[in-house]
Each structure stands twice: as structure tokens, then as C-alpha cells.
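One letter stands for each residue in the lines below.
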Amino acid sequence: MNNSSDNPNDSRGNRRIISDEEAIEALFMVANEVDNRDLSLGFQNHDVEMEERKSTDSDDYEAYLANWQRQWAEEQAARQRRRHYEVSRNYNVARNFALQLHSDQNLKIVEKTEEEEVVIRDEEKSEFQRAKEAIKKRREEISTTSDMMIDPMTVLRKAPTLVELSARVLAQNIVAIKSLKLVPDHLRKKLSYLVSGFGKVDTRLMELLIEDSPSEICAKNCVELKEDDLLKIFCDCDRVSLKVLILDLCGRAMTDYTINEFFKRAPNGFPSLTTLSLQGAFCLTDNALLLISSSSPLLQFINLTECSLLTYRALKILADKFGSSLRGLSIGGCQGIKWYKGFSSSLYKFEKLNYLSVAGLDSVNDGVVRTFFTFRSSNLTDLSLANCNEVTDDCIWHIGRYCKKLEALDITDLDKLTDKALEFIAEGCKYLRSLKLTSNRFSDEGIAAFLEVSGGSLNELCLNKVRNVGPHTAFSLAEVCKRLQFLDLSWCRRLTQEDLRRILRCCTSLRSLKLFGWTQVDDTFLEELSRSHVHITGLKMTSLYAHLDNFYPSVAGSSRPMMGRFTTSWKLLAISLSVLAVLSPLYIDRLSEEDLEEEEELFGFMFSLSLLLLLLILAIALSLYCDPSLTRFDPYWIHRLCGSFGGLLVILILLVFVLICKASD
């Protein structure tokens, strides 16, 4: 066997390193070679480090390593300073040389460049930012002179209508009402809401409301109802024709026992129900909601606000059953709905939502709703994020970016929002009509700038407890918000009587004003306000409940499609056409005496048809009287069909067709 030393590749520099000592010796050789060749690689002290690593313990080595890193950082910083110095020196030399060559044109070029930069910066600013800068410059323009006084002789209060007065009297004397037959649904609803305000909703009123097979049952204050009462109401009402069911504050009655017992008696449930409001049903559980959802396949709007026993399963049930059809959802205040892994995915399943309320849910933050706003909010018109404390400006940016059709927004008590949120809303939500900013920290200039940009379209505005509201906001309200009807300035202590005079004088469409916490007004000004056409709520000597204005109605009230009611002009047109149709045969194509006999035969045939129709109506009425179970059939179909505008129009078209055929003969 040959010796390893005889191998030509087995030299000091080429043989394989097989131990740590040999590795250290190899590093020393490299360091010596670098010193001999005078190379600068930034590791001049590396051989010293290796030698000390062999002779010192680990603690000393760490201290030395930190010292070596500090020296290396100082060396790098020195090199950086030298490079900056050389660049600066070269720039100054080139600049001085250029100034010497173009000394006459230099100032003009510099001024032109600065002007172009200012124009570019102004173009990059948003409309909100420009308005905010203009507001800061107009401080001296805001004057509170005496010409803003309201003339009590020129402002007349509008008298209430006869319907309002009659409904109020009926609500106060609901005990004396024996029946609500033939009363339209919208008047029943109005009467029910007035009675709910007086706190008189009981079993007897509910029996009146379900009488005569209405399509809507609305009761806002069902606190006094019990389980058996609610069960009887469900069983006695016409469930086939029922489309709207509002039973708010029915907490004691809406239990698992009530729902299970009802579905034992009526397995089909509510097949035609489209709108359901169970606000404040604190005994409603996920299982009961599952049964209701299974029996209501046409459900489009559901209000479950303050249903504290509902959990994340409730949201999953609604998403699985109504994800592609639901148009309104309110789960605000359901504290049992905590964050879970599928919260965002369940919310994402709702494809056609127009109304969404997640107010007061601790689980709602920017990340949870970001996906929904990005992909599913194109049809959203009403949104409430009140008391969602984790929502920031980033979430509002997504709202402004993707919710282009938004008309009503509630961002009450969101401490993390800044004026940038108002900018995002102003730039993105161009059709906003209702805005609630209660208990936020927006600046006076920020709110005024928002009103300058988007205030012209607002009908409702709530600035309750926005403490920075001041003269700038008052000035913008008076100058821009000409369509404003409902305004809440409660606890805005920086506003003065003169600011309020300016608002009342300029906002001619204003109908209701809330001024809770306004201690800065005197008795003389209160007397002026009492003569105003605006309903004032919250001051001394004003009723708290006389003119309640609901800024954000429940899902059942605001988001459901409004059934169009024909105006007076349409009714007059229909009556005129009917009179014309009746009188036209007297003057068109008068018959001679020879044709009278043929006409009498035709008249006899028409009389027999009319008699047959009358007998049919009598038979239907008699059958309803003998068998009450037939109440599902609408007994007033002839009035609803032929008495409507569409029915009259069809009759007139048929009559014209008959006259044309007769004239052609």
C-alpha cells in the first residue's frame, strides 16, 4: 500500500480536512495568505477572532463577537458617509456649472417647476380633502348675525291630516273597537303601531288584527303575550295568505314549546311568508329557528335583533336555506353569535342582500366582513355596523369601494374611526340618504367637509353625542343639506342658538329635530321653537313620545318592497275614463228603430250574464257564512280585481274593443 505522503494531491493545501483542529489551521493559512497579498475583504480581524475563540470560553466569545459586529457597522457607516459626501459634492459642482451657463433662465424654470408640482398635488387630492381645506380657510366667513332670526309669522305649522287624528283617537280607545273587518292592511298597521306606543297590545288586539284574513300582522310591543296566547294566534290566523309577520318583543311567548306545539297542529307552517320580524325574542333558540325556516321557503326579510339565545348555528341555518334568496338580514345584538371558523363563509353565502345589520357583534372586525364587502355587497342599500368596536378605517374603505348603491349607513360608536372614514364614504357612496354617526370622534372640519361633498342627498342625519360638532358643521348643514328631513343634534354642546337658527332657517324640508341635552338655550328661544313647523323633541316642555322618528326602521319596514299605492291623479284618470266609457255608447253609433229588436235581444243576454255573476257572488258569500274554514279564499276578490286601476283599465280596453267591432259591423 502506498503512503499518503507519496500522493501528489495529498499536500497541505489539498488534502481532505477531517478534524476541527485541521479546519482552524486551514483558516489561519487563508488569513496569512490574505495578509501576504495585501487583500481587503472586510475580514482583516478574522484570524484574531479564531485565535481568541480557541483560547477563551463561550461568554468571552459572545462579548467579542458583539464588539466585532459593532466595529463592522461603524466601518459600513463611514463608507456610506463618504459615498454621500462624494455624490453631494459632484451634484453641487454640476449645479454651479449649470447656473453659470443658464443664469438668466434658471429662476423662471424653477418657478415653473414648483407651480407644476403644486398643480399635480392639488389634482391628486380628493374632493373631500379640498373641501376640508376650504373649510379651514372660511372661519371668518361664519357669522352669527341677527338676520338669522326666525320669523314666527311666516313659518306655519302643518296641521295633521284627518287620518292621523282619527287613527290616534282609535288607538287611545282600542277597547271600544269590536271589529276591523274591511279595514285595509296599511291602516291596520298604522293603528297597531300607535297602540304599541301606548303599551296596550294584548290578546284581544291580536284577535282583531288577525280577523278577516289579512296579509300583514304587525305588532311592535308584544310583551304581555304568553305562550298559549301566541299559539292561539298562530293557529287562528290565515297562514296561506299571511306574507308579513311582525311580533317584536315577544320574548316570553316565543319558546320551543310554542313553536313545537304549533308545528304539531299545522305542519305546513307559513308557506307564503316573506317578511318575519322577531326582535327581542330572547327565548328563541336555534332549533325553533330551524323549524320556522323550514316551513317558510319564500322568506326574504328576517329581523332577529336582540335574540340572545341564538348562536353561530342560526347564521349557518339561514345561510344554507336562504343564501340565494334572502334580501334582508338583521342579527344585531345577538351576543350568542360568537366568532367561529365559518363565520365569514356563512356570511359570504348571502348573494342578494339589500339590508344587513350586525350591530353590536363582538365577532365582527375588518377581516370577517372584508370578503363579503368585496364580492357580495354590490346590491347592498342598508348597512348597520353600530357598536362593532373592532371596525377600523380599512373596513370603511371597502364599504366605499364596493358598496356603490348604499343608501343608509349606521356606524354608531366606532372609536377607531377617523376623518379618513368620512372621506372613503364621501368618495364611494354617492347615493347615501341616511347616515348615523352617534358617539364618534370625527372633527368638526371633517363632518363639514363630508356634508359639503355628500350632504345634498341626505334625508336623515344623526350626530348624537358627536362632541366636536361646531359652527363649521352648522354652516355646511344650512348651506348644503336642503333635503334634510330628520336631524339629531342631541348633546352637541358646541353649537349655539344662532347656529340652530341658521339651520332651521335654511333647511326648509326639515320635519323633525332632536335636541336632547341642549342646556344652552333660553326660554325666549324655546318660545320661538314652539312656533316652528319642525317637531322638536328633547327640550323642556316637549313630549318624548309624541313625534318619535325611527331613523333606521326594521327590516320589515324599510327593506321590503313597497306596494305601490296610486295617487289622486291616477284615481281621477280612472274615474274620468269610467264616466267616458259609460256615456260613450249614448253618442256613438246610435241605432235606428229597425235595429231596436236586435239590441233588445243583446241586452237580454248581457242581463243574464250579470245575473249569473251576482248569483256566483251570493253563493261564495253564503258558503263563507256556512263554513268558516273557507276563509282562506279572499271574499273580496271582485272588489280587489275589478275595483283596482288595473281592473278598470282592462274593462275599458274590452269595452273599446267591443265598440270597434260593433262599428266595423
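Residues numbered from 1 in each chain as written. Predicted model: local features only at pLDDT ≥ 70, side-chain atom pairs only at ≥ 80, totals over all residues. Heavy atoms only, no water.

Going by what an unreviewed UniProt entry lists, the protein is known as Leucine-rich repeat and is assigned to Arabidopsis suecica.

Across its full length, the protein holds 25 helices and 13 strands. Each of the 665 residues in the protein was classed as buried or not, and the buried ones make up 38%. Look at the contacts in the protein between residues 6 or more apart in sequence, and 78% of them connect residues 24 or more apart. For the protein, the accessible area works out to roughly 39,200 Å², and carbon and sulfur atoms hold 56% of it. (Helix = DSSP H or I, 4+ residues; strand = E, 2+ residues; numbered from the N terminus. Buried < 20%, exposed > 50% of the residue type's maximum accessible area, 1.4 Å probe, protein only. Contact = heavy atoms within 4.5 Å. Areas by Shrake-Rupley, 256 points an atom, 1.4 Å probe, with all protein chains shown as cover.)

On to the side chain of S357, then. Relative to the elements of secondary structure, S357 occurs in strand β6 (residues 355–357). Judged by its relative accessible area of 6%, S357 is buried. Leave out the neighbours within four places in its chain, and S357 touches L329, S330, I331, G332 and S384.

Considering all chains together, one arrives at two cavities of 30 Å³ or more under this definition. Looking at the largest cavity, the residues that line it are F234, L245, M254, I259, F262, F263, F270, L273, L276, L278 and I292. Looking at the lining of the largest cavity element by element, the count peaks at three residues for helix α10 (residues 256–265). Residue composition of the lining of the largest cavity, by class: eleven nonpolar, no polar and no charged. The wall of the second largest cavity is formed by D185, R188, K189, L209, E216, I217 and C218. Contributing elements (two or more residues each) for the lining of the second largest cavity: α7 (185–198) and β1 (216–219). (1 Å grid on protein atoms, 1.4 Å probe; cavity = no way out; pocket = protein on both sides within 12 Å on 5 of 7 lines; lining within 4 Å. Points joined across faces, edges and corners; volume = space filled by probe spheres on them. Nonpolar A, V, L, I, M, F, W, Y, C, P; charged D, E, K, R; others polar.)

Another point: a nonpolar patch on the surface. A grouping of L611, L614, L615 and L618 is seen on the molecular surface, where their side chains present a nonpolar patch of about 370 Å² in accessible area. Within the element layout of this structure, L614 appears in helix α23 (residues 596–626). (Patch = residues over 30% accessible without salt bridge, like charges linked within 9 Å, V, L, I, M, F, W, Y side chains within 5 Å. Salt bridge = Lys/Arg side-chain N within 4 Å of Asp/Glu carboxyl O.)

This paragraph deals with the confidence of the model for the protein. Mean pLDDT for the protein: 75, with 65% of residues reaching 70 or above. Note on residues 38–57: pLDDT is under 50 here. Beyond four places in sequence and across chains, it has 21 contacts. Contacts from residues 144–155, a stretch scored under 50 in pLDDT, to residues over four places away or in other chains number 16 contacts. (pLDDT = per-residue confidence, 0-100.)

To continue, consider helix α17 (residues 444–454). Among the eleven residues in α17, ten count as buried, and that is most of the element. Along α17, the residues that are buried comprise D444, E445, G446, I447, A448, A449, F450, L451, V453 and S454. Contact partners of the buried residues in α17: α5 (127–137), α16 (419–428), β9 (434–436), β10 (460–462) and α18 (471–480).

Glancing now at the pattern of salt bridges. Pairs can form between side chains of opposite charge once their charged atoms are near each other. What the rule picks out here adds up to 13 salt bridges. Here R370 and D394 are joined by a salt bridge, their closest N and O atoms 3.0 Å apart. Taken together, the positions of R370 in helix α14 (residues 366–375) and D394 in helix α15 (residues 393–402) put the pair 24 residues apart, joining distant regions of the chain. Owing to a relative accessible area of 32%, R370 belongs among the partly exposed residues under this scheme. Judged by relative accessible area, D394 falls into the partly exposed class, the value being 31%. Residues E423 and K420 are paired through a salt bridge, measuring 3.1 Å at the closest nitrogen-oxygen approach.

For the rest of this paragraph, the subject is the packing of aromatic side chains. Any pair of aromatic rings gets described here by the distance separating the centres and the angle formed by the planes. Counted under the stated rule, the structure contains six aromatic pairs. A centroid spacing of 6.3 Å and a plane angle of 80° characterise the contact between Y348 and F375, whose relative ring orientation is edge-to-face. Of this pair, Y348 sits in helix α13 (residues 343–348) while F375 sits in helix α14, and the two are 27 residues apart along the sequence. You can call Y348 partly exposed: its relative accessible area is 31%. Taken together, F234, F262, F263 and F270 form an aromatic cluster joined through their ring pairs. Between the NZ or CZ atom of R376 and the centre of the ring of Y348, over which it lies, the distance is 4.3 Å. In this structure, R401 packs its charged tip against the face of Y402, placed 5.1 Å from the ring centre. (Phe/Tyr/Trp six-rings, centres within 6.5 Å; stacked < 30°, edge-to-face > 60°. Lys NZ or Arg CZ within 6 Å of the ring centre and 35° of its normal.)

In this section: the environment of T496. Along the polypeptide, T496 turns up in the loop between β11 (486–488) and α19 (497–506). Judged by relative accessible area, T496 falls into the partly exposed class, the value being 33%. Sequence-wise, T496 and V521 are 25 residues apart; in three dimensions their C-alpha atoms are separated by 7.9 Å. Within the structure, the side chain of T496 is placed 3.2 Å from the side chain of D499, a separation counted as a polar contact. (Polar contact = N/O pair within 3.5 Å; in protein donor to acceptor, adjacent residues only side chain to side chain.)

This structure, assessed with the given rule, holds zero disulfides. Unpaired in terms of disulfides, C506 finds its nearest cysteine sulfur in C507, a separation of 6.6 Å. Residue classification places C506 among the buried positions, given a relative accessible area of 14%. (Disulfide = S-S within 2.5 Å.)

What follows covers the pairing of β1. Here β1 shows no split at all, with E216 and C218 on one side and I217 and A219 on the other all buried. Alignment of β1 against strand β2 (residues 244–247), held across four bridges, turns out to be parallel. Paired with I217 across the two strands is L245, which belongs to β2. In the classification by handedness, the crossover that spans β1, the intervening helix α9 (residues 227–236) and the parallel β2 is right-handed. (Pairing = 2+ DSSP bridges. Right-handed = clockwise from strand over helix to strand, strands pointing away.)

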